[in-house]
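# Summary of the model geometry
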Amino acid sequence: MSIDKFITLTSPAVPLPIENVDTDQIIPARFLKAVERKGFGDNLFRDWRYDKNNQPVKDFVLNQSTYTGKILVAGKNFGSGSSREHAAWAIYDAGFKVVVSSFFADIFKANALNNGLLPVQVSEAFLEKIFAVIEEDPTAQFNVDLTSQKFTILKTGETSSFEINPYKKECLLNGYDDIDYLVACRDEIRSFELSRN
């Protein structure tokens, strides 16, 4: 499956200042039966978004029109728990292209990158600055530049660098999944094979 290219994004952000968010909170296990990656966004944070009577929880951030954007800003240790790839699918399907935290679980981070969702890890101090800016102005814009690996708070001009695996960076910049990447390298692969004969 090809993924959308990601080069740069400027967007407001949705704050989720909760630590230790695990994959069962991101997408509860009872919603994992589908075999396609569609529709998972409807159940993102389902047990936080809706009460036992299936009514929206008014105070939950995704139910508030105040916050919009393609960047989800989460507390420390995001994506822990089971290795379900559906967690990344749900976040992406809900319209987010970037998740920011001060720490990601390794498997979630890998699943996110494999599915076109960019995890941006920043320091705890910088994360707190992001939350403070959103609290002061929910419409504040942020810029994510994958080429330079920079996350910028446009209101203050403050910038944080972030790390990414070079291979996964190339895949995101070009909209490649693993198969697309191999197809793009077919000439080099063919030349290497011929050189071995």
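All values derive from a computational prediction rather than experimental measurement.

Another aspect to go through is the sheet that holds strand β5 (residues 118-121). Read from one edge to the other, the open sheet built from four strands follows the order β2-β3-β4-β5, with strand pairing classed as parallel. Looking at which strands have only one partner, the edges of the open sheet turn out to be β2 (13-16) and β5. Going across the sheet, the axis of each strand differs from the next one's by a mean of 20°, ignoring polarity. Two elements, strand β3 (residues 71-74) and strand β4 (residues 98-101), share three bridges in a ladder whose sense is parallel. Across the sheet, the residue bridging to Ile71 is Val98, located in β4.

With that settled, consider the packing of aromatic side chains. Counted according to the given criterion, the structure contains nine aromatic pairs. Taken together, the aromatic side chains of Phe45, Trp48 and Phe60 make up a single cluster linked through ring pairs. For Arg46, the ring lying beneath its charged end belongs to Tyr50, and the centroid distance is 4.2 Å. Directly above the aromatic system of Tyr92 lies the positively charged group of Lys97, at a separation of 4.2 Å from the ring centroid.

Okay, the sheet that holds strand β7 (residues 150-153) next. Reading across the sheet, the four strands line up as β1-β6-β7-β8 and stay open at both edges, with antiparallel pairing between neighbours. Taken across any chain shown, the strands that pair with only one partner, and hence form the sheet edges, are β1 (8-11) and β8 (158-161). Averaged over all pairs of adjacent strands, the angle between strand axes in this sheet comes to 15°, irrespective of strand direction. Strands in contact with helix α5 (residues 124-136) are β6 (142-145), β7 and β8; relative to β7, the strand with the most contacts, it is inclined by about 40°.

Now for the nonpolar core. The biggest cluster of nonpolar side chains holds 27 residues, and the ones touching the most others in it are Ile71, Val100, Leu118, Phe142 and Phe151. Elements supplying a minimum of two residues to this core: β3, β4, β5, α5, β6 and β7. Among the nonpolar cores identified, the runner-up in size contains 26 residues, and Ile27, Phe45, Phe60 and Ile91 belong to it.

Next up on the list: the packing of helix α3 (residues 86-93) against helix α4 (residues 106-114). Look at α3 against α4: their axes get within 8 Å of each other, and the N-to-C directions meet at 50°. Considered as vectors, α3 and α4 are oriented oblique to each other. Seen along the crossing, α3 lies across α4 with a hand that is right-handed. Counted together, Ala87, Ala88 and Ile91 of α3 and Phe108, Asn111 and Ala112 of α4 form the full contact between these two elements.

What follows deals with α4. The α-helix advances 3.6 residues per turn, and as a result positions three or four apart in sequence lie on the same side. Of the positions making up α4, those classed as buried are Phe108, Asn111, Ala112 and Leu113. Next to the buried residues of α4 lie α1 (23-26), α3, β5 and α6 (166-174). Phi turns positive, to about 80°, at Gly116, one or two residues after α4.

Let us look at α5. With 13 residues, α5 should reach 18 Å at 1.5 Å per residue; the first-to-last C-alpha distance of 18 Å fits that figure. When we look at burial in α5, the residues that qualify are Phe126, Leu127, Ile130, Phe131, Val133 and Ile134. The buried residues of α5 occupy an angular sector of 160° when projected down its axis, which confines them to one face. Summarising the geometry of α5, the exposed residues directed more than 90 degrees from the buried face are Ala125, Glu135 and Glu136. Where α5 is buried, its residues touch β2, β3, β4, β6, β7 and β8.

What counts and how
- Residues numbered from 1 in each chain as written.
- Predicted model: local features only at pLDDT ≥ 70, side-chain atom pairs only at ≥ 80, totals over all residues.
- Heavy atoms only, no water.
- Pairing = 2+ DSSP bridges.
- Helix = DSSP H or I, 4+ residues; strand = E, 2+ residues; numbered from the N terminus.
- Axes fitted to C-alpha atoms, helices over the stretch in contact; angles between N-to-C directions.
- Phe/Tyr/Trp six-rings, centres within 6.5 Å; stacked < 30°, edge-to-face > 60°.
- Lys NZ or Arg CZ within 6 Å of the ring centre and 35° of its normal.
- Contact = heavy atoms within 4.5 Å.
- Core = buried A, V, L, I, M, F, W, Y, C linked by side-chain atoms within 4.5 Å.
- Buried < 20%, exposed > 50% of the residue type's maximum accessible area, 1.4 Å probe, protein only.
- Parallel < 35°, antiparallel > 145°, perpendicular 65-115°, else oblique.
- Left-handed = near helix turned anticlockwise from the far one by under 90°.
- Expected span 1.5 Å × (residues − 1).
- Arc of directions from axis to C-beta.

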